[in-house]
Amino acid sequence: ILMKKILKPIVVVAILLSITTANAHQPDISSVTLIEQESGQWTMQINASMTAFQYEVWNAYGKDSYATPAEFNQLLLSHLREKIELKVNGGAVILGDGFVKLGHATAVVFNLSEIPKLIEDVSLANFGFKTIHHSQSVFSIVKEGLDNSQFVLSEANDYQLNVKMKDNQVLVSETSSTDYQMVVIVIAMFIGLFAIFLFRSSGRKPSLQPTSILSHT
């Protein structure tokens with residue numbers, strides 16, 4: 001069950017990335033998921049296309065900043081640590097050890113510093129993809145007994161979001177604007193319509209072939 005919860009954000013991103021071939025090379029969709037493991041340890045999982053991660057590394061460090069996949073991974077981890085800020089109950093949460101699973105749909109996972117057992121509110125700022133035009137990131141929290149609400153970080157909310165917990169529900173804080181709420185509705189409809197379309201398409205599956213991170217052309 002836990003594995004299905006972890007893979008769900010990957011499925012969402014894979015669906016969006018397979019909508020059009022053009023968007024696969026200039027993707028603007030990603031996801032950030034906070035996941036509570038059975039041990040009580042929390043992790044953060046970031047999913048996006050290889051193209052998006054590669055663009056961000058090039059933009060931050062230059063195209064000649066790495067020579068091996070291992071060097072690329074370290075730069076990517078450093079970039080995301082610098083660009084993602086997470087607070088729980090007002091206290092800063094540190095992105096600790098991380099690893100990268102490379103592929104056309106790439107996943108990055110960080111172990112997080114201790115998070116209170118009772119969560120009242122969560123603040124997330126994700127500037128990791130801000131340089132990508134009109135980028136949008138789907139945010140969710142996976143915790144036993146908590147609903148599976150998803151929210152969108154985009155230009156409309158300056159890639160920052162505050163949510164609060166109430167009766168096992170995750171709710172957007174009242175400071176969120178009407179424009180942001182409209183973005184959430186549009187993205188949800190977008191995901192739903194194309195998910196239906198793709199699942200009805202016979203034999204069509206998103207490509208998981210890795211993109212070479214050593215190609216600088």
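The structure we're discussing is the one just above.
Quick notes on the rules
Residues numbered from 1 in each chain as written. Predicted model: local features only at pLDDT ≥ 70, side-chain atom pairs only at ≥ 80, totals over all residues. Heavy atoms only, no water. Pairing = 2+ DSSP bridges. Helix = DSSP H or I, 4+ residues; strand = E, 2+ residues; numbered from the N terminus. Axes fitted to C-alpha atoms, helices over the stretch in contact; angles between N-to-C directions. Contact = heavy atoms within 4.5 Å. Salt bridge = Lys/Arg side-chain N within 4 Å of Asp/Glu carboxyl O. Expected span 1.5 Å × (residues − 1). Buried < 20%, exposed > 50% of the residue type's maximum accessible area, 1.4 Å probe, protein only.

Visitor: Go over the sheet that holds strand β8 (residues 136–142) with me, naming the residues and quoting the values.
Guide: Within the open sheet, the 6 strands sit side by side as β5-β6-β2-β1-β8-β9. Their pairing is mixed. Among the strands making up the open sheet, the edge pair consists of β5 (95–101) and β9 (150–153). The mean inter-strand angle of the sheet, taken between neighbouring strand axes irrespective of direction, is 20°. Strand direction decides the pairing type here: strand β1 (residues 29–36) and β8, joined by 7 bridges, are parallel. Of the residues in β8, the one forming a bridge with leucine 34 is isoleucine 141. The strands touched by helix α3 (residues 50–61) are β2 (42–49) and β6 (105–112); relative to β2, the strand with the most contacts, the crossing angle is about 95°. Against the sheet, helix α4 (residues 69–83) makes contact with β2, β5 and β6, and its axis sits at roughly 135° relative to β5, the strand it touches most.

Visitor: Lay out the pattern of salt bridges in plain terms, naming residues and giving numbers.
Guide: The tally for this structure, following the rule as stated, stands at 2 salt bridges. Its salt-bridge partner being lysine 143, residue glutamate 36 comes within 3.2 Å of it at the nearest N-O pair. Of this pair, glutamate 36 sits in strand β1 while lysine 143 is found in the loop between β8 and β9, placing the two residues 107 residues apart along the sequence.

Visitor: Quick rundown of α3? Include the residues and the values.
Guide: Helix length check: α3, at 12 residues, gives a terminal C-alpha distance of 16 Å against a target of 16 Å (1.5 Å per residue), a fit within 8%. All of the buried residues in α3 are Met50, Thr51, Ala52, Phe53, Gln54, Glu56, Val57 and Trp58. With its phi angle positive at about 100°, glycine 62 sits one or two positions after the end of α3.

Visitor: I'd like to hear about the pairing of strand β11 (residues 169–172), residue by residue, with values.
Guide: Pairing analysis gives 4 bridges linking strand β10 (residues 160–166) to β11, with the strands arranged antiparallel. If you follow lysine 166 over to β11, its bridge partner there is glutamine 169. Turn length for the β10-β11 hairpin, with the two strands adjacent in sequence and antiparallel, is 2 residues, and the turn residue aspartate 167 shows positive phi of about 55°.

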